[in-house]
Amino acid sequence: MAETTETLEDRLSRIHRALGDGHLDAVDAVLADLEPAEIALLLESLPPAARIRLWQRVPGEVDGEVLLHVHDEVRSTLLEYMDHEEIVAAAAGMDTADLADIFEDLPQQVAEDMLRSMDALQRERLEETLSFEEDSAGRLMRTDTITVRSDVSLETVCRFLRWKESIPDNTHLLMVVDRDGLFQGTLPVARLISHPPEMAVADLMDHEVDSIRVDMKSRDVATLFQTHDLVSAPVVDESGLLLGRIVIDDIVDVIREDSEQALMNMAGLDEEEDLFAPVLPSAKRRAVWLGINLITAFLAAWVIGRFEDALDQIVALAVLMPIVASMGGIAGSQTLTLAIRGLALSQISSTNSAWLLRKEVGIAILNGVLWALIVAVLALLWFKSLSIGVIIGAALVINMLAAGIAGIIIPLLLKRAGIDPALSGSVILTTVTDVVGFMSFLGLATYFLL
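Below is a short write-up of the structure.

Parameters at a glance
Per chain, residues are indexed from 1 in the order of the written sequence. In keeping with the predicted nature of the model, local features appear solely for residues at pLDDT of at least 70, side-chain atom pairs appear and are counted solely at 80 or more, and the whole-chain, interface and lining totals rest on all residues. Just so you know, side-chain values use all the structure's heavy atoms and leave hydrogens and water out. Axis geometry follows a simple rule: fit a line to the C-alpha atoms, using only the stretch in contact for helices, then measure angles between N-to-C directions, giving values from 0 to 180 degrees. Helix and strand definitions follow DSSP, with helices as H or I runs of at least four residues and strands as E runs of at least two, each counted in order from the N terminus. Oblique is the label for any angle not under 35 degrees, not over 145, and not in the 65 to 115 range, which are roughly parallel, roughly antiparallel and roughly perpendicular in turn. With the far helix as reference, a near helix turned anticlockwise by less than a right angle produces a left-handed crossing, and one turned clockwise produces a right-handed crossing. Two residues form a contact once any of their heavy atoms are found within 4.5 Å. Polar here means any residue outside two lists: the nonpolar Ala, Val, Leu, Ile, Met, Phe, Trp, Tyr, Cys and Pro, and the charged Asp, Glu, Lys and Arg; Gly therefore counts as polar. A strand pair is defined by DSSP finding two or more bridges across the two strands. Whether a residue is buried, partly exposed or exposed follows from its accessible area with a 1.4 Å probe, protein chains only, as a fraction of its type maximum: under 20%, in between, or over 50%, in that order. Candidate patch residues must exceed 30% relative accessible area and have no salt bridge, after which like charges are joined if within 9 Å and Val, Leu, Ile, Met, Phe, Trp or Tyr side chains if within 5 Å. Note on areas: Shrake-Rupley with a 1.4 Å probe; residue coverage comes only from the protein chains shown. Think of a salt bridge as a Lys or Arg side-chain nitrogen and an Asp or Glu carboxyl oxygen that are within 4 Å of each other. Multiply 1.5 Å by the residue count of a helix minus one, and that product is the helix's expected span. Fitting axes to the seven residues that end at a residue and to the seven that start at it, the angle between those axes gives the bend at that residue.

**Considering the packing of helix α8 (residues 96-103) against helix α10 (residues 120-131)**
Right, so step 1: Axis separation between α8 and α10 bottoms out at 9 Å; the angle between their running directions is 60°. Looking at the two axes, α8 sits oblique to α10. Crossing geometry of α8 relative to α10 is assigned as right-handed. For the pair α8 and α10, contact is made by Thr96, Leu99, Ala100 and Phe103 and by Arg125, Leu126, Thr129 and Leu130, respectively.
Right, so step 2: In the contact of α8 with α10, the residues fall into five nonpolar, two polar and one charged.

Here it is as structure tokens:
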């Protein structure tokens, strides 16, 4: 592949110009210099019509890899424009884990034909992989694992590898098993080639190796790879039987997907949403959370309406009221973001959540008092009223304290209820800070000024 310093924006511009001018040779030239993952990113960055035209120019030998890298929604669109034979050919070269990722998106007839074209072992492996939960180690693992016995010599292992003629990608460890297939340890390839051939595998293998249960959540697998600096790891069942392996390439994908999911969920969106999807389906998806937000906005408006008399008599209240809600919202979102990140990294548990709550309360009080003094002075200078300055300062402290507490408690409660905190935490937090902010400011003003 030719080295290039072009940015994605540069490539997009070239693709747009070439497609628009009908210069398909130029399109082919751009694609020839790209990896499948880069082609996938380009496809996701194009409107539907241009996307399909580009997809038709993608070389057939990389179709399968490109399909693996695009988001689910984009993949479904691309599959609609592929012939039956093209889909089968694209999936033919995939390993079991990769095929399982797209198998459920395939048209039913194509899936059935693909199963019939497989040999018994391939079909069994695919069906076994599909039987695992989607976000589990079983879906991530590869079954192309090279296994050896501990009682054989290094020379025997080398002869075995030469007989195979090729080894799977990212194989820097050989898995050591007993006669029953139970996992015993690993033999680094570096040791295999750097020690005398008469030595036994048992003399060089690592016995203390992190193995991964097949039902472990993919997010937990990613955390294990990160904390233990793993490049690959064996996957075993509850009895210790070796089932496959997970390599760092697969974990990078998990980390990227989790990051995208957290970012999109904070806006109430699906992480698989296509940026260039048609207007109607995109509008439908977003309408749900806009409706939820409207309900919470009406709740805040109802609170304001309860103090209509105070607002009619003291215009300054209407002017200053948004400040209290806004400051509380920002303070709460800072705490909420840190809490969601802590939960995602498994840093928050029942043993330290109380300490974290006390910390956030302390931060809220300090920041609340600091900014309450500043806002109170500004309000005093603006409206020449000491009472209004004191009231908005007090309301600010109250709301920032409520925001700090809510920023910790809301994600903890949502996680306990089995709801993704990133998906709905910000909506609930906004409701809390708006309601508490308006209630405290207008309530104090009504009590002391009217």
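Don't stop here, the text continues.
**Let's talk about the sheet that holds strand β5 (residues 232-236)**
Right, so step 1: Pairing within the open sheet is mixed, and its three strands lie in the order β4-β5-β6. In the strand order of this sheet, the two ends are held by β4 (212-213) and β6 (242-247), each with one partner.
Right, so step 2: As paired strands, β5 and β6 are joined by five bridges and run antiparallel to one another. Bridged to Pro234 within β6 is Arg245.

**So, the pairing of β6**
Right, so step 1: For β6, the buried fraction is high: five of the six residues fall into the buried class.
Right, so step 2: Where β5 folds back on β6, the antiparallel hairpin that results is connected by five residues, among which Gly240 adopts a positive phi of roughly 90°.

**What to know about a nonpolar patch on the surface**
Right, so step 1: Residues Leu370, Trp371, Ile374, Val377, Leu378 and Leu381 make up a contiguous nonpolar surface patch of about 560 Å² in total accessible area.
Right, so step 2: Assignment of secondary structure puts Val377 in helix α20 (residues 353-383).

**Here's the deal with the pattern of salt bridges**
Oppositely charged side chains may form a pair once their charged atoms are brought near each other.
Right, so step 1: The tally for this structure, following the rule as stated, stands at eight salt bridges.
Right, so step 2: Measuring nitrogen to oxygen at the nearest pair gives 3.2 Å for the salt bridge that ties Arg149 to Asp151.
Right, so step 3: One salt bridge in this structure joins Glu155 and Arg159, with 3.6 Å as the shortest N-O distance. Here the residue Glu155 and the residue Arg159 both occupy positions in helix α12 (residues 154-164), the gap between them amounting to four residues, near one helical turn.
Right, so step 4: By relative accessible area, which is 40% here, Glu155 ends up partly exposed.
Right, so step 5: The exposure class assigned to Arg159 is partly exposed, which follows from its relative accessible area of 44%.

**Considering the packing of α20 against helix α21 (residues 386-416)**
Right, so step 1: As a packed pair, α20 and α21 sit with axes 7 Å apart at the nearest point and diverge in direction by 155°. The angle between α20 and α21 falls in the class roughly antiparallel. Handedness of the α20/α21 crossing: right-handed.

**So, helix α19 (residues 315-344)**
Right, so step 1: Its 30 residues give α19 an end-to-end C-alpha distance of 45 Å, which sits within 8% of 44 Å, the value for a rise of 1.5 Å per residue.
Right, so step 2: In α19, a bend of some 25° at Met321 exceeds every other bend along the element, and Pro322, a proline, comes one to four places later.
Right, so step 3: At the exit of α19 stands Ser346, carrying a positive phi of roughly 60°.

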